[in-house]
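Below are the chains, spelled out letter by letter.
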Amino acid sequence: QVQLVESGGGLVQAGGSLRLSCAASGRTFNSYVMGWFRQAPGKEREFVAAISRSSSRTADSVKGRFTISRDNAKNTVYLQMNSLKPEDTAVYYCAADLSVILVTMPGAYDYWGQGTQVTVSS
């Protein structure tokens, strides 16, 4: 069982920055693929970014603005969000995939956090 706890969400003006954190339990955290997804009201959950041991991927909609990173010593994955836009407003979820293959489909992920709200005002 893997538990994920997100933090760092909040209200920010357009153009601002936030850093989300996701603390994970589990002895083999460094082998998990960790992902960030988001879901806006009335929309499907969408991929934002993911990171494996050796690579990372970022959605085109946030490329150049968002950066995913991980600290295996702290069992934590981060999402640095810069140049935020009102359309980035959503609940952001951290997820863990116990396979080693980096994928972007939400259904491939085995464990999910409770989500953290990010609101960007115009």
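Residues numbered from 1 in each chain as written. Predicted model: local features only at pLDDT ≥ 70, side-chain atom pairs only at ≥ 80, totals over all residues. Heavy atoms only, no water.

**Focus on the pairing of strand β9 (residues 90-97)**
Logical step 1: Counted residue by residue, β9 has 7 buried out of 8 residues, so it is predominantly covered.
Logical step 2: Strand direction decides the pairing type here: strand β4 (residues 33-39) and β9, joined by 7 bridges, are antiparallel. Note on β9: the bridge partner recorded for phenylalanine 37 is tyrosine 93.
Logical step 3: Note that β9 and strand β11 (residues 116-121) share 3 bridges and pair antiparallel. Its bridge partner being in β11, valine 91 is matched across the sheet by glutamine 117. (Buried < 20%, exposed > 50% of the residue type's maximum accessible area, 1.4 Å probe, protein only. Helix = DSSP H or I, 4+ residues; strand = E, 2+ residues; numbered from the N terminus. Pairing = 2+ DSSP bridges.)

**Overview of the sheet that holds strand β8 (residues 76-81)**
Logical step 1: Taken together, the 4 strands give an open sheet; going across it, the order is β1-β3-β8-β7, and neighbouring strands pair in antiparallel fashion. Both outer strands of the open sheet, β1 (4-7) and β7 (66-71), are each paired with one neighbouring strand and no more. The average angle at which neighbouring strand axes cross in this sheet is 15°, direction not considered. (Axes fitted to C-alpha atoms, helices over the stretch in contact; angles between N-to-C directions.)

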